[in-house]
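What follows is the residue order along each chain.
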Protein chains: 2
Amino acid sequence: METPVETTRERLLNVAEQRFGEGGYEGTSLRAITVAAAANIAAVNYHFGSKEALLRAAVARAMAPVNAERRRRLDQLEAGAPPTPEALIRAFVEPGLDLVLRRGERGALIARFIGRIAFDPSRRIRELYAVESEPIESRYLAALQKALPQASPDAVAFGYVNMLGLLALHQSQALSPTPGAAGVQDTADPSELAENLVTFLVAAFDHGLRS
Amino acid sequence: METPVETTRERLLNVAEQRFGEGGYEGTSLRAITVAAAANIAAVNYHFGSKEALLRAAVARAMAPVNAERRRRLDQLEAGAPPTPEALIRAFVEPGLDLVLRRGERGALIARFIGRIAFDPSRRIRELYAVESEPIESRYLAALQKALPQASPDAVAFGYVNMLGLLALHQSQALSPTPGAAGVQDTADPSELAENLVTFLVAAFDHGLRS
DNA sequence: GCATAGTTCAAACGGTCGTTTGAACTGGAG
DNA sequence: CTCCAGTTCAAACGACCGTTTGAACTATGC
């Protein structure tokens, strides 16, 4: 079984995901990416136009399947009875954390990349993520506000941004054990992490939002 | 009333907090810091030894009062009846978010700086924060595990790292409204944000941890 | 005033950065 | 084989980076 030959463009995107996910945007140079991709540095300009455009393309590529799955799940939920907060939270969180299950080793790398970019120090970089995620995310916020009529819309929005934050942090694997925090273990199984996070968030949404 | 004259060293630390908080470690150059501090670039080497050492000193300075207050609150709680999870969460979260109330404009800047460094893309940078915060944080984790006997220690640790993550994100002001997320407003009052976050976390700890 | 420690300075080093350029290469169509 | 579009290459540009250096400056004590 022969692996299809990767184009230079694909190699650049793959390595960009990995490297940007490891070092962030500012901390990753094009030379590091191009060397790892066995490409010439001018190829970045040729295929993408600039470093930032490479990032933009990588973010768009990484987010596309996540967004599609979130959209599919929300469409499905809204086609039936009014969805519960739990169903909505699950529909949102699981695609983000399912990357490992669906894609093997590369999935974890993409998850980390997404989480990392979503909270880059630079607002400009963060907005690359926001542009890709906003259309489907605002639908989820509206659906959650509808599903939680006892809480104020502002309060639901507060819970919602907390959910975004926690999801991104878990994706980026930044919530690793602090040194000396005995008893804290990386959850090896991503579906278990998803269950834990959904349970945590559902409790917070159901009992911890103000009215 | 004359303002005391700032030493070069102090100016460098103050500006470093601001600039590292805005741009992250990699995205902030020493020249930007020294220009803003009206200092010579060699002063960084003279007073601190290196860029990273400047960061380390800034982190230590920023965390010292937060850590002291967390320690004082925990000591106080443990001197009485066994503290509730809510009391512990509050004792941990409030000092982190109180920076604005206690220090005026500079407080928000310091909060952002701390939050930003805590989740820098580079593990090496993140560990500068961890070194400063670990001693008091591990005490809080142990106290929370004791206060939540119905949950497994691993589950409490999971909730704990989520709390760390959310606190840092709120401090860093990275949880700003996404474009188009109508209804999401920056909470102008930090004590209200603390109340909202404590409420959210308490619900998640009380109802959302697995056993 | 001199000596000394502390502090700051401008210039420089060696390295890295993103972007650009024009030539060379590659592959496909006619 | 030629032509052409697409692609890659090495070299270079101008800018920026953290670190270093030796001289100059500053303040204090004798």
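Since this is a predicted model, take the numbers as computed values, not measurements. (Residues numbered from 1 in each chain as written. Chains lettered and ligands numbered in written order. Predicted model: local features only at pLDDT ≥ 70, side-chain atom pairs only at ≥ 80, totals over all residues. Heavy atoms only, no water.)

Engineer: Lay out the interface of chain B and chain A in plain terms, naming residues and giving numbers.
Structural biologist: Each partner contributes to the interface: chain B provides 53 residues, whereas chain A provides 53 residues. Here chain B meets chain A over a buried area of about 4,200 Å², counting both sides, of which 67% is carbon and sulfur. Contact with chain A buries surface across chain B, with Pro121, Phe158 and Phe200 of chain B losing the most and accounting together for 16% of the total. Where chain B meets chain A, there are zero salt bridges. Our count for the contact surface shared by chain B and chain A stands at four residue pairs in polar contact (both at pLDDT 80 or more). (Contact = heavy atoms within 4.5 Å. Buried area = accessible area lost by both parts, 1.4 Å probe. Salt bridge = Lys/Arg side-chain N within 4 Å of Asp/Glu carboxyl O. Polar contact = N/O pair within 3.5 Å; in protein donor to acceptor, adjacent residues only side chain to side chain.)

Engineer: I'd love a proper account of the protein's contact with DNA strand D, names of residues and values included.
Structural biologist: Taken together, 16 residues sit near DNA strand D, with Thr8, Asn40 and His47 of chain A together with Arg31 and Lys51 of chain B positioned nearest. Close to the protein, within 4 Å, the atoms of DNA strand D are drawn from sugar and phosphate at a rate of 52%. Looking at the surface near DNA strand D, the elements that each hand over two or more residues are helix H3 (42-47) of chain A together with helix H2 (30-36) and helix H3 (42-47) of chain B. The element contributing the most residues to the surface near DNA strand D is H3 of chain A, with three residues. Across the surface near DNA strand D, the residue classes tally to six nonpolar, seven polar and three charged. (Near = heavy atom within 4 Å. Helix = DSSP H or I, 4+ residues; strand = E, 2+ residues; numbered from the N terminus. Nonpolar A, V, L, I, M, F, W, Y, C, P; charged D, E, K, R; others polar.)

Engineer: Go over the environment of Met163 of chain B with me, naming the residues and quoting the values.
Structural biologist: Residue and element names in this part refer to chain B. You can see Met163 is positioned in helix H9 (residues 153-171). In this structure Met163 comes out as buried when scored by relative accessible area, which is 1%. As for Met163 and Val202, which are separated by 39 residues in sequence, their C-alpha atoms are 9.9 Å apart. Not counting residues within four places of it along the chain, the set of residues in contact with Met163 comprises Ile89, Phe92, Val93, Leu144, Leu201 and Phe205. (Buried < 20%, exposed > 50% of the residue type's maximum accessible area, 1.4 Å probe, protein only.)

Engineer: Could you give an account of the relation of the copies chain B and chain A, naming the residues involved and the relevant values?
Structural biologist: Between the two copies, chain B and chain A, the superposition gives an RMSD of 0.0 Å; the rotation angle is 180 degrees and the shift along the axis is 0.0 Å. This pairing of chains is accounted for by a two-fold axis. No C-alpha of chain B lies nearer the rotation axis than that of Ala204 of chain B, which sits 2.2 Å from it. Most of the interface of chain B is mirrored in chain A, where 100% of its interface residues are also at the interface. (Least-squares fit on C-alpha atoms with pLDDT ≥ 70 in both.)

Engineer: Please provide a residue-by-residue account of the pattern of salt bridges, values included.
Structural biologist: Residues and elements named next belong to chain A. Taken as a whole and assessed by the stated rule, the structure comprises 30 salt bridges over all chains. Here Glu22 and Arg112 are joined by a salt bridge, their closest N and O atoms 3.7 Å apart. With Glu22 in helix H1 (residues 8-23) and Arg112 in helix H7 (residues 105-118), this pair connects stretches of sequence that are 90 residues apart. Among the residues examined, Glu22 registers a relative accessible area of 35% and is labelled partly exposed. When its relative accessible area of 18% is taken as the criterion, Arg112 is described as buried.

Engineer: If you had to explain the protein's contact with DNA strand C to someone new, which residues and values would you point to?
Structural biologist: The immediate surroundings of DNA strand C are formed by 16 residues, with Arg31 and Lys51 of chain A together with Thr8, Asn40 and His47 of chain B found nearest. Backbone atoms, meaning sugar and phosphate, make up 51% of the atoms of DNA strand C lying within 4 Å of the protein. Between a phosphate oxygen of DNA strand C and a side-chain N or O atom of Asn45 of chain A, the distance comes to 3.2 Å. Taking Asn40 of chain B, its main chain carries an N or O atom lying 3.0 Å from a phosphate oxygen of DNA strand C. By residue number, the principal contributor to the surface near DNA strand C is H3 of chain B, which donates three residues. For the surface near DNA strand C, the residue count by class is six nonpolar, seven polar and three charged.

Engineer: Which residues make up unusual backbone geometry, and what values go with them?
Structural biologist: A positive phi angle is found at Ala38 of chain A, which is not glycine, with a value near 50 degrees. When you line up the elements, Ala38 of chain A lands in the loop between helix H2 (30-36) and H3.

Engineer: Quick rundown of helix H10 (residues 190-207) of chain B? Include the residues and the values.
Structural biologist: In an α-helix, one full turn covers 3.6 residues, which means residues spaced three or four apart are oriented alike. Counted at 1.5 Å a residue, the expected span for H10 of chain B with its 18 residues is 26 Å, and the 25 Å between its end C-alpha atoms agrees. Every buried residue belonging to H10 of chain B is among Pro190, Leu193, Ala194, Asn196, Leu197, Val198, Phe200, Leu201, Val202, Ala203, Ala204 and Phe205 of chain B, and all of these are buried. (Expected span 1.5 Å × (residues − 1).)

Engineer: Explain H1 of chain A to me, using residue names and the numbers behind them.
Structural biologist: Residue and element names in this part refer to chain A. Look at H1: 22 Å from first C-alpha to last across 16 residues, which is about the 22 Å you get at 1.5 Å a residue. Its buried side turned inward, H1 meets H2, H3, helix H4 (51-78) and H7. Positive phi shows up at Gly24, right after H1, with a value of about 75 degrees.

Engineer: I'd love a proper account of the environment of Leu74 of chain A, names of residues and values included.
Structural biologist: Along the polypeptide, Leu74 of chain A turns up in helix H4. Of the residues examined, Leu74 of chain A reaches a relative accessible area of 0% and is grouped as buried.

Engineer: Account for the packing of aromatic side chains, with residues named and values stated.
Structural biologist: By the definition in use, this model includes eight aromatic pairs over all chains. Pairwise contacts between aromatic rings join Phe158 and Phe205 of chain A together with Phe200 of chain B into one cluster. We note Lys51 of chain A situated over the ring of Tyr25 of chain A; from NZ or CZ to the ring centre the distance is 4.5 Å. (Phe/Tyr/Trp six-rings, centres within 6.5 Å; stacked < 30°, edge-to-face > 60°. Lys NZ or Arg CZ within 6 Å of the ring centre and 35° of its normal.)

Engineer: Describe the environment of Gln171 of chain B, naming the residues involved and giving the relevant values.
Structural biologist: Residues and elements named next belong to chain B. With respect to the helices, strands and loops of the structure, Gln171 is situated in helix H9. Spatially, the C-alpha atoms of Gln171 and Phe113 are 7.9 Å apart, while their sequence positions differ by 58 residues. Contact partners of Gln171, with chain neighbours within four places excluded, come to Gly96, Leu97, Leu99, Ala111, Arg112, Ile114 and Gly115.

Engineer: Would you mind going over the confidence of the model for chain A in detail, with residue names and values included?
Structural biologist: All names here are of chain A. Residues with a pLDDT of 70 or more make up 90% of chain A, whose mean pLDDT is 88. For chain A, the element scoring lowest by mean pLDDT is helix H6 (residues 99-103), at 65; H2 scores highest, at 96. The model gives residues 177-187 a pLDDT under 50, and that stretch makes 20 contacts with residues more than four places away or in other chains. (pLDDT = per-residue confidence, 0-100.)

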